[in-house]
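Residues per chain, in single letters:
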Amino acid sequence: MVLTTASVPDQDKVAYWNDAVSRSLVPMAVTPRGDGPFDGRIATDRLGYLQVATVEADAKRVSRTPELIARSSEALVAVGVQISGTATFVQDGRRAEVGEGDLVVYDTNRPYSFDYPQRFATHVFQLPRRTLGVPDGDIRQVTGHAIGTGDGFGAMLLPFLAALASSPAGGYPPTVADRLAGNVVELFATLIAERAHPGGTDTDAPSHLVTRVRDHINRNLADPDLSPERIARAQRISVRYLHRLFEGEGTTVGQLIRQRRLEECGRELARRGTTAPTVSAVAQRWGFVSPAHFSRSFRAAYGVSPREWRNLRVPPPEQGPAHRTSLSLQPLSAGGPG
């Protein structure tokens with residue numbers, strides 16, 4: 001999806017840009033700098049549960065206030081890559097001067113601001129906070145800092161992110177897109193752990209293991225035999241320790257498997273092509289053995305049947321087949337694995 005002010009009358013450009021930023025990223029207040037006409041462009045795409053955006057615009061200030069945070073339903077973590085221009089970034093009481101090639105990590109569930117004194121371009125990668133599997137304290141230590149990419153881990157990460165942002169995510173099959181998204185999550189978790197614990201202490205191990213478990217689940221959702229026992233065996237840990245790892249995650253391993261399967265089923269049912277898949281085919285593809293059990297689980301989680309969900313989530317006609325619609329799957333309840 002591409003949103004641009006090019007064809008918008010000058011007197012409406014700022015209001016249009018405010019709405020475009022809020023719809024494409026998260027709700028933010030945008031204040032242009034300078035008296036001339038404002039120009040901006042946002043291109044967004046999705047890679048599994050990872051959103052990728054490229055923003056090009058004239059000088060401006062953007063801020064995420066507590067009032068705007070209250071309008072968002074899901075906590076996200078973002079990584080920004082400064083392509084051109086500079087920015088002053090503030091979050092958690094810290095101020096960072098961001099130059100070309102620098103990375104910044106920020107939590108959209110806490111106030112922050114970016115001040116761009118001149119025209120700029122940036123890549124923004126947003127993902128659900130829950131997918132990272134790192135302690136909130138580690139994220140707080142990393143925000144409000146500019147991370148250089150001249151050497152170390154940042155030097156390896158920058159070209160990968162630049163290539164990912166420039167390639168059309170719609171060209172990947174869903175299973176490949178999910179695997180790539182899982183790899184990006186692992187890289188971001190490693191970046192945060194490296195910055196939060198420069199000495200590489202043992203306290204990093206549990207968060208990295210949670211990330212690996214989440215990635216294993218995402219890569220094996222289609223396996224109907226996926227279970228805590230099999231996951232523990234693959235990670236060479238005990239089932240008891242696996243459950244202990246998730247005690248602070250707000251979910252259990254079984255609930256996570258079920259939730260991720262339902263999310264993928266919901267996304268697939270919402271896609272429309274020349275032939276729409278049957279509900280039973282989608283359920284089987286994502287690891288549900290019994291279509292009846294899948295339908296009951298789906299209704300219990302989202303309040304509608306799979307068929308009703310598909311009818312409600314048909315993309316508008318102007319969206320092409322490569323566009324991926326972002327669905328907000330908010331479970332009503334949690335249960336055991338599907």
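For the structure itself, consult the block above.
This is a predicted model, so every value here is computed, not measured. (Residues numbered from 1 in each chain as written. Predicted model: local features only at pLDDT ≥ 70, side-chain atom pairs only at ≥ 80, totals over all residues. Heavy atoms only, no water.)

Once that is clear, we can look at the overall build of the protein chain. Each helix and strand counted, the protein chain has 12 helices and 11 strands in total. Across the 338 residues in the protein chain, those meeting the buried criterion constitute 49%. At a minimum sequence separation of 6, the contacts of the protein chain that also span at least 24 residues come to 72%. When the accessible surface of the protein chain is summed, it comes to about 15,500 Å², and 52% of that surface belongs to carbon and sulfur atoms. (Helix = DSSP H or I, 4+ residues; strand = E, 2+ residues; numbered from the N terminus. Buried < 20%, exposed > 50% of the residue type's maximum accessible area, 1.4 Å probe, protein only. Contact = heavy atoms within 4.5 Å. Areas by Shrake-Rupley, 256 points an atom, 1.4 Å probe, with all protein chains shown as cover.)

By size, the foremost hydrophobic cluster in this structure holds 31 residues, and its most contacted members are L50, V105, F125, L132 and F188. Elements represented by at least two residues in this core include exactly β4 (50-57), β6 (76-84), β9 (103-107), β11 (120-128), α3 (136-142), α4 (152-166) and α5 (174-196). Counting residues per element, this core draws most heavily on α5, at 10 residues. Look past the residues within four positions of L50 in its chain and what remains in contact with it is D45, F125, Q126, L127, L164, A181 and V184. (Core = buried A, V, L, I, M, F, W, Y, C linked by side-chain atoms within 4.5 Å.)

Here we come to the packing of α4 against α5. Here α4 crosses α5 at 150 degrees, and the two axes come no closer than 12 Å. One finds that α4 runs roughly antiparallel with respect to α5. Between α4 and α5 lies a crossing of left-handed hand. Two secondary-structure elements touch here, α4 through F153, L157, F160, L161 and L164 and α5 through V184, L187, F188, T190, L191 and E194. Its residues placed into classes, the contact of α4 with α5 shows nine nonpolar, one polar and one charged. (Axes fitted to C-alpha atoms, helices over the stretch in contact; angles between N-to-C directions. Parallel < 35°, antiparallel > 145°, perpendicular 65-115°, else oblique. Left-handed = near helix turned anticlockwise from the far one by under 90°. Nonpolar A, V, L, I, M, F, W, Y, C, P; charged D, E, K, R; others polar.)

In this section: the packing of aromatic side chains. A complete count under the given rule lists 14 aromatic pairs for this structure. For the pair F298 and Y302, a centre-to-centre distance of 5.0 Å together with 75 degrees between the ring planes defines the contact as edge-to-face. Taken together, the positions of F298 and Y302, both in helix α11 (residues 291-302) and four residues apart, correspond to about one turn of that helix. Per residue, the accessibility class of F298 equals that of Y302, and both read buried. Ring geometry for Y302 and W309: centres 6.1 Å apart, planes at 35 degrees, overall tilted. Assigned by exposure class, Y302 and W309 land together as buried. Site record: aromatic cluster; members linked through ring pairs are F89, Y106, Y112, F114, Y116 and F120. (Phe/Tyr/Trp six-rings, centres within 6.5 Å; stacked < 30°, edge-to-face > 60°.)

If you walk across this open sheet you meet the six strands as β1-β3-β4-β11-β6-β9, and the pairing is antiparallel. One side of each edge strand has no neighbouring strand; the edge strands of this open sheet are β1 (2-4) and β9. Each strand axis lies, on average, 20 degrees off the axis of its neighbour in the sheet, ignoring direction. Sheet topology note: the strand β3 (residues 40-47)/β4 ladder contains eight bridges and is antiparallel. Within β4, the residue paired with L47 across the bridge is L50. Against the sheet, helix α1 (residues 13-24) engages β1, β3 and β4, with an angle of about 15 degrees to β3. Across the sheet, α4 is in contact with β3, β4, β6, β9 and β11; its angle to β11 comes to roughly 90 degrees. (Pairing = 2+ DSSP bridges.)

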